[in-house]
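Spelled out from the first residue to the last, the chains are:
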Amino acid sequence: MKPPANKRISNSRQRKQQHLLDVKLRASTERSRRFRTVSGFIFKTIVFVGLGIGAWVGGKEALRRFVWENPDYYLREINFSTDGALTREQVVTAANIVEDRNIFTLDLGHARAAIEAMPQVESAVVQRVLPNRINITIAERRPIAWVAAKGDDDPSSSERSFLIDARGIVLRSRVLLPEYYHLPIITGFETENLVPGKRVNVLEMQSALELIRLNADSTRFQARNIDLSKGYCLVVTDQRHAKITFGLDRLDKQLERLYRCLDRAAADKKELQTVNLIVERNIPVTFYDPEMEAANAAAAEAMPPKPAKPEDKNPPKPPTNVRQAEPIPPKPSPKASTPIPRASTPARSTTGNQSLKKPFRLNP
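Residues numbered from 1 in each chain as written. Predicted model: local features only at pLDDT ≥ 70, side-chain atom pairs only at ≥ 80, totals over all residues. Heavy atoms only, no water.

1. Observations concerning the overall build of the protein chain
Helices and strands together make up the secondary structure of the protein chain, namely 7 helices and 13 strands. Scored against the burial criterion, the 364 residues of the protein chain give a buried share of 29%. Taking the contacts inside the protein chain whose residues are at least 6 apart along the sequence as the reference set, 56% of them involve residues at least 24 apart. Looking at the protein chain as shown, the accessible area adds up to about 26,500 Å², and 55% of this sits on carbon and sulfur atoms. (Helix = DSSP H or I, 4+ residues; strand = E, 2+ residues; numbered from the N terminus. Buried < 20%, exposed > 50% of the residue type's maximum accessible area, 1.4 Å probe, protein only. Contact = heavy atoms within 4.5 Å. Areas by Shrake-Rupley, 256 points an atom, 1.4 Å probe, with all protein chains shown as cover.)

2. Looking at the confidence of the model for the protein chain
Across the protein chain, the average pLDDT comes to 79, with 74% of residues at 70 or higher. Averaged pLDDT values for the elements of the protein chain fall to 50 in strand E13 (residues 358–362) and rise to 94 in strand E10 (residues 243–246). Contacts for the low-pLDDT stretch residues 318–327, under 50 throughout, to residues beyond four places or in other chains number 1 contact. Within the model, pLDDT remains below 50 along residues 331–359, and this stretch shows 20 contacts once partners closer than five positions in the same chain are excluded. (pLDDT = per-residue confidence, 0-100.)

3. Some remarks on the nonpolar core
Membership of the largest hydrophobic core comes to 36 residues, with the highest contact counts inside it found for Ile186, Met205, Phe221, Ile226, Leu234, Phe246 and Leu258. For this core, the element with the most residues is helix H6 (residues 251–267), which contributes 6 residues. Filtering out sequence-adjacent residues up to four positions away, Ile186 remains in contact with Ala145, Trp146, Val147, Ala148, Met205, Ala208, Leu209, Ile212, Ile226 and Leu228. Membership of the second largest hydrophobic core comes to 18 residues, among which are Ile78, Ala111, Ala124 and Ile138. (Core = buried A, V, L, I, M, F, W, Y, C linked by side-chain atoms within 4.5 Å.)

4. As for unusual backbone geometry
Cis geometry is found at the peptide bond from Leu130 to Pro131, where omega equals 10 degrees. Residue placement: Pro131 occurs in the loop between strand E2 (121–129) and strand E3 (133–140). Despite not being glycine, Asn96 has its phi angle at roughly 55 degrees, a positive value. For Asn96, the position within the fold is in the loop between helix H3 (88–95) and helix H4 (108–116). Not every positive phi belongs to a glycine, and Asn282 is a case in point at roughly 55 degrees.

5. Looking at H4
Taken together, the buried positions of H4 are occupied by Ala111, Ala114 and Ile115. Here the buried residues of H4 occupy an arc of 100 degrees about the axis, which is enough to place them on one side. Buried-residue contacts for H4 involve H3, E2 and E3. The residue sitting at the N-terminus of H4 and contributing the capping side-chain oxygen is Asp107; that oxygen lies 3.3 Å from the backbone nitrogen of Gly109. (Arc of directions from axis to C-beta. Polar contact = N/O pair within 3.5 Å; in protein donor to acceptor, adjacent residues only side chain to side chain.)

6. What about the environment of Asn276?
With respect to the helices and strands, the residue Asn276 is situated in strand E11 (residues 271–276). What makes Asn276 partly exposed here is its relative accessible area of 26%. Considering only alpha carbons, one finds Asn276 and Lys243, 33 residues apart in sequence, at a separation of 8.6 Å. In this structure, Asn276 is in contact with Thr245, Ile283 and Pro284, ignoring residues within four places of it in sequence.

7. Some thoughts on the pattern of salt bridges
One pass over the structure, following the stated rule, counts 10 salt bridges. Among the salt bridges present, the one from Arg64 reaches Glu61, with a minimum N-O distance of 2.2 Å. Placement of both Arg64 and Glu61 in helix H2 (residues 27–68) is noted, with a separation of 3 residues, approximately one turn of the helix. Relative accessible area serves as the criterion here: at 29%, Glu61 is assigned to the partly exposed category. Between Asp268 and Arg264 there is a salt bridge; the shortest N-O distance is 3.2 Å. (Salt bridge = Lys/Arg side-chain N within 4 Å of Asp/Glu carboxyl O.)

8. Topic: the sheet that holds E3
Spatially, 3 strands are ordered E1-E3-E2 in an open sheet, and the strand pairing comes out mixed. Two strands close off the open sheet at either side, each with one partner strand: strand E1 (77–82) and E2. Sheet twist, expressed as the mean angle between neighbouring strand axes with direction ignored, is 15 degrees. In this sheet, E3 lies alongside E2 in antiparallel orientation, the contact comprising 8 bridges. When the sheet's bridge partners are listed, Gln127 is paired in E3 with Asn135. (Pairing = 2+ DSSP bridges. Axes fitted to C-alpha atoms, helices over the stretch in contact; angles between N-to-C directions.)

9. Structural notes on the side chain of Thr191
Relative to the elements of secondary structure, Thr191 occurs in the loop between strand E7 (185–187) and helix H5 (203–214). Using a relative accessible area of 6% as the deciding quantity, one classes Thr191 as buried. Among the polar contacts listed, one links the side chain of Thr191 to the backbone oxygen of Arg160, at a separation of 3.2 Å.

10. What to know about the packing of H3 against H4
When two helices pack together, you describe them by how their axes are tilted relative to each other and by the distance separating the axes. Packing of H3 against H4 leaves a shortest axis separation of 8 Å and a crossing angle of 125 degrees. Between H3 and H4, the interaxial angle falls into the category oblique. Of the two elements, H3 crosses H4, and the hand of that crossing is right-handed. Together, Val91, Ala94 and Ala95 of H3 and Ala111, Ala114 and Ile115 of H4 make up the contact between the two elements. (Parallel < 35°, antiparallel > 145°, perpendicular 65-115°, else oblique. Left-handed = near helix turned anticlockwise from the far one by under 90°.)

Structure (structure tokens):
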């Protein structure tokens, strides 16, 4: 269908885009139209800029009055929870958290990083709870042994001894929990260069910690002291004062050999004295018999005391400045004097001197 002959194909908008000249428009009318357009643009710009400045100034003032200086948002409560020995004061001081300050001024990321930088802390969670509360939850490192300095019999009361966790990170706690006093003691290691919060990467120390981890739940064998002084092995003293020598690698296999030795000793009703688990076959083992030791102790207690010798008795000498009367010599008796028999000393029992150690070799 064709359009009518007298109808324009383009509309006014399209003609403006084509820059068509409207010859019927007067020059004065065009100037007034342009003036109104420019004036409207300037007025709108001033209005929008004024509204922006007003909103910024008003918002800043509103934040100052209702947020930053509002007493309702001042920190009033700090909830602290931990599974170790850290105190609330230690953690709050390390995180630089101050009460009676605006809660929005606290940098949670910085506070958490400062808390996790403490040697005892493994992980920390810091939460802001409006309007005026902070929650701090801490998971502390769990020490598994003491590292005792040379000559320290009681590491819990020494400033040169440290706690150490399963990863080998050195700890030092101001508050000692009751379970810390029963931890195994690692000796034979120089503690002068240990720094709290740093990890010990020495091979023998890592082997000692692995042995404690592998044997944590065992009731048959409990390591009480681990000596690292030899360097190539671990000399472990258990709860029954037996000395077991471990190598530095494949500790799980060595523990299996130890349990077999314990089974053999239990079947013979004896207790281990020394075991060398470095040897895989024909393990050198010595043990002692508790019944024989008790019999020897009873025999030693039943022995009479040794009589004192006559020459041990030294009577006091009389003073030299006192003149004593000369004794009258006795008259000789016609009968021969009979010598006084000495009290015979009973024969000493040699049962207590017998060796209690009986070596045997256990084939795997």
